[in-house]
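Now for the letters of each chain:
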Amino acid sequence: MISIKNLKASIGEKEILRGINLEVKAGEVHAIMGPNGSGKSTLSSVLAGREDYDVTDGEVIFNGKNLLDMSPEDRAREGLFLAFQYPVEIPGVSNINFLRTAVNEIRAYHGQEEMSAKDFLALVKEKQKLVELDSKLANRSVNEGFSGGEKKRNEIFQMAMLQPKLSILDETDSGLDIDALRIVANGVNKLKSKDNATIVITHYQRLLDYIVPDFVHILYKGRIVKSGGKELALELEAKGYDEIKKEFEIAE
Amino acid sequence: MANEILEEHINKDYEWGFVTDIESDKFLPGLNESVISSLSKKKNEPEWMLEFRLKAYRNWLNMVEPEWAHVSYTKPNFQDISYYSAPKQKKELASLDEVDPELLKTFEKLGISLEEQKRLTGVQSNIAVDAVFDSVSVKTTFRETLAEKGVIFCSFSEAVQEHPELVKKYMGMAVPATDNFYAALNSAVFSDGSFCYIPKGVRCPMELSTYFRINASGTGQFERTLIVADEGSYVSYLEGCTAPQRDENQLHAAVVEIIAHKDAEVKYSTVQNWYPGDKDGKGGIYNFVTKRGICLEDNSKISWTQVETGSAVTWKYPSVILKGNNSVGEFYSVAVTNNHQQADTGTKMIHIGKNTRSTIISKGISAGVSNNSYRGLVQIKKGATNARNFSQCDSLLMGDKCGAHTFPYIEIKDKSAVVEHEATTSKIGEDQLFYCNQRGIDTEKAIGLIVNGYCKEVLNKLPMEFAVEAQKLLAISLEGSVG
């Protein structure tokens, strides 16, 4: 699905990613954990193509194509989806209209015809149910006046609508109470298939009780310092990040 | 990187900037009483019309160009302007076939096919067009169809000849000849424009539309539009405008007057796309326009909708005088400025009658190094009991080099008035664009989506055909202009 080799990125003079290596196959769920400032959000931003970062070295192959050569919109059209940590508000543009534009742009990229209004609305209905999104929210302006939980749920709804190959969930658990967390996680689990993959970026182990990862990676100071199975997350939760910091401080 | 996108789109050419090579009959530059007399003579005007012009001119000589607007520009030298330019043609046009093919091609290029209209005659079509090229009206379509209903829709010059009693009665009622500097100038030298009269109880069967085109260089366009809606009638009117791309600044000083009698309703929509000048601010049209309507009698309604994307400098305040009881005034505006454009636009709602209501929705969008100002006056006169006004003025900024300003004036002389004013300022951020990009929507489409979302309340007020046009125009004027 995605193969990241020696990825280095900086913002201004400051190097934030210092050689990331990661391989994610179809059907897998990977969790990336790490303390604040370790580069978790930078990694998701760089993969999605945010312009604030300079990629200085490395290679990312996404479904056989060079991801770093693509514009952010083409990455999305190729099937990369980022669930934002802070979803953006777009006043006056209804969620439905926004998604319809997105769906049809992606279809056009793949040489497919526009989806008819009828089919589109049927899809909306189906996916709304899946992520337990209030139908009122679908007709409101994108994220405008949504609560934190509603915004996150809306991200998962969009993910369901766009049916990406690789979804990156950037701290989707932050600011969610336990009920919202469960609903969001359920949505993600229902969307999981053998053909798609998910990268869950999180600070806490909590989310991983609901979205069970196949692999856990610990990101520290711009590098993946440790990888393992889901038990690694529990270990981390028990020991805290200080242990990791101690262990890898010297190796820097 | 964002700057590159900005550059790329700002450099986008003005699509309507071509010049039609046509032989024209044009006055030498200069303005004095004899020029006005020649103009009047050329148009074979009655004595009272010449007097109207000369009176306006003499007043104008003692007036000063207004400086209170939040714009700066080199003042036009009124002696350097030619006050009359018309495509050379045979005297009377019996049919469209006699119109110079170059002219027809021009309007064709602008997407207004007079030929097409001819072919469609008899078949269903719902827009009648009056095409004004430089100083004169070229052709008004569908006149016969309209005449069956008693609707008069013709060029202003023809109206002076054929319906002098109507012109004499209503001209200057909403905008007196001495109203302001540019209105006085227009009253002295106006060359043509559109005239429209809807008789009692008639609902105009189609949209009426005037298309203004400046072609000749060194000229100004001074047209006048007069719309009279008699008792219980209704009309929807649209105005569009373009001009060639030139280094010089050309002056467009128009006057539009609307008179609504008892129970009448007039909806006036403008899509203004005069040449805005190049990206360095060179050239472009000075759009100094006086538009005003009077709700003369009870239960009448006048509604202005404008989408302003063009012109180097805009100075324009479509207003409504709410004289009749229960009359309604509305102003819906989207004003876009990019590059070096400057706009000072808004409205005046003057409440005189009882239970009068007005609504103002203004959406300003500034990009580049432009300046965009809303200036509005809500005036409730003594005795205008239970008057109501709601105003909403929003500004959207793109990039950090442009300016948005709001100058709302409120004068209330009657205690029973309820006046509400809301204002917001927001910014299209790179965050919004990236969010759209990440969902597969490219930057151009994203800006179109965001801006149209922002202007929705106003665009919804435009007649269908023009709403689509306006949406496209907004996207073109602004694509990627985020710094």
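Before reading on, note that the structure itself is shown above.
Here we summarise the structure given alongside this text. (Residues numbered from 1 in each chain as written. Chains lettered and ligands numbered in written order. Predicted model: local features only at pLDDT ≥ 70, side-chain atom pairs only at ≥ 80, totals over all residues.)

## Structural notes on the overall build of chain B
Of regular secondary structure, chain B possesses twelve helices and 23 strands. Residues classed as buried in chain B amount to 56% of the 483 residues present. In chain B, of all internal contacts separated by at least 6 residues, the share reaching a separation of at least 24 is 83%. (Helix = DSSP H or I, 4+ residues; strand = E, 2+ residues; numbered from the N terminus. Buried ≥ 20, exposed ≤ 12 C-beta atoms within 10 Å, placed from the backbone. Contact = placed C-beta atoms within 7 Å.)

## Some words on the interface of chain B and chain A
At the interface, 18 residues of chain B touch 21 residues of chain A. Sorting the residues of the side of chain B that touches chain A by element identifies helix H10 (430-438) and helix H11 (443-459) of chain B as the ones contributing at least two each. For the side of chain B that touches chain A, the residue count by class is eight nonpolar, five polar and five charged. (Nonpolar A, V, L, I, M, F, W, Y, C, P; charged D, E, K, R; others polar.)

## Concerning the packing of helix H4 (residues 117-130) of chain A against helix H6 (residues 148-162) of chain A
Residue and element names in this part refer to chain A. At a minimum axis distance of 9 Å, the contact between H4 and H6 shows a crossing angle of 135 degrees. Put simply, H4 runs oblique to H6. Along this stretch, H4 crosses H6, giving a crossing that reads as right-handed. In this structure, H4 uses Leu-123, Lys-127, Gln-128 and Leu-130 to contact H6, whose residues at the interface are Phe-157, Ala-160 and Met-161. (Axes fitted to C-alpha atoms, helices over the stretch in contact; angles between N-to-C directions. Parallel < 35°, antiparallel > 145°, perpendicular 65-115°, else oblique. Left-handed = near helix turned anticlockwise from the far one by under 90°.)

## Overview of H4(A)
Between its first and last C-alpha atoms H4(A) spans 20 Å; for 14 residues at 1.5 Å apiece the expected length is 20 Å, and the two agree. A positive phi of about 55 degrees marks Glu132(A), the residue just after H4(A). (Expected span 1.5 Å × (residues − 1).)

## Notes on the pairing of strand S10 (residues 197-202) of chain A
Residues and elements named next belong to chain A. Across the six residues that make up S10, a large majority, six, are buried. Residues Ala-197, Ile-199 and Ile-201 point to one face of S10 and Thr-198, Val-200 and Thr-202 to the other, with burial holding for every one of them. With five bridges joining them, strand S3 (residues 29-33) and S10 adopt parallel strand pairing. What sits directly across from Met-33, in S10, is Thr-202. The pairing of strand S9 (residues 166-170) with S10 spans five bridges and is parallel. Note on S10: the bridge partner recorded for Ser-167 is Thr-198. Traced from S9 through helix H7 (residues 178-191) to S10, the parallel crossover comes out right-handed. (Pairing = 2+ DSSP bridges. Right-handed = clockwise from strand over helix to strand, strands pointing away.)

## Digging into the sheet that holds strand S5 (residues 65-66) of chain A
Residue and element names in this part refer to chain A. Reading across from one edge, S2-S1-S4-S5 is the order of the four strands in this open sheet, with antiparallel pairing throughout. Of all strands in the sheet, those bounded by a partner on one side alone are strand S2 (14-24) and S5. Both strand S1 (residues 2-11) and S2 contribute to a ladder of eight bridges, which runs antiparallel. Residue pairing in the sheet places Ser-3 in a bridge with Glu-23 of S2. Helix-sheet contacts for helix H1 (residues 40-48) involve S1, S2 and strand S4 (54-62), and the interaxial angle to S2 is about 75 degrees.

## Looking at the sheet that holds S9(A)
Residues and elements named next belong to chain A. Read from one edge to the other, the open sheet built from six strands follows the order S6-S9-S10-S3-S11-S12, with strand pairing classed as mixed. Each end of this open sheet is capped by a strand with a single partner; those strands are strand S6 (80-83) and strand S12 (223-228). Pairs of neighbouring strands in the sheet enclose a mean axial angle of 20 degrees, with direction left out of account.

## Looking at unusual backbone geometry
A positive phi angle, close to 50 degrees, is found at Asn63(A), a residue other than glycine. Tracing the backbone shows Asn63(A) in the loop between S4 and S5. For Ser311(B), which is not glycine, the phi dihedral falls at a positive 75 degrees. For Ser311(B), the position within the fold is in the loop between strand S14 (301-308) and strand S15 (313-316).

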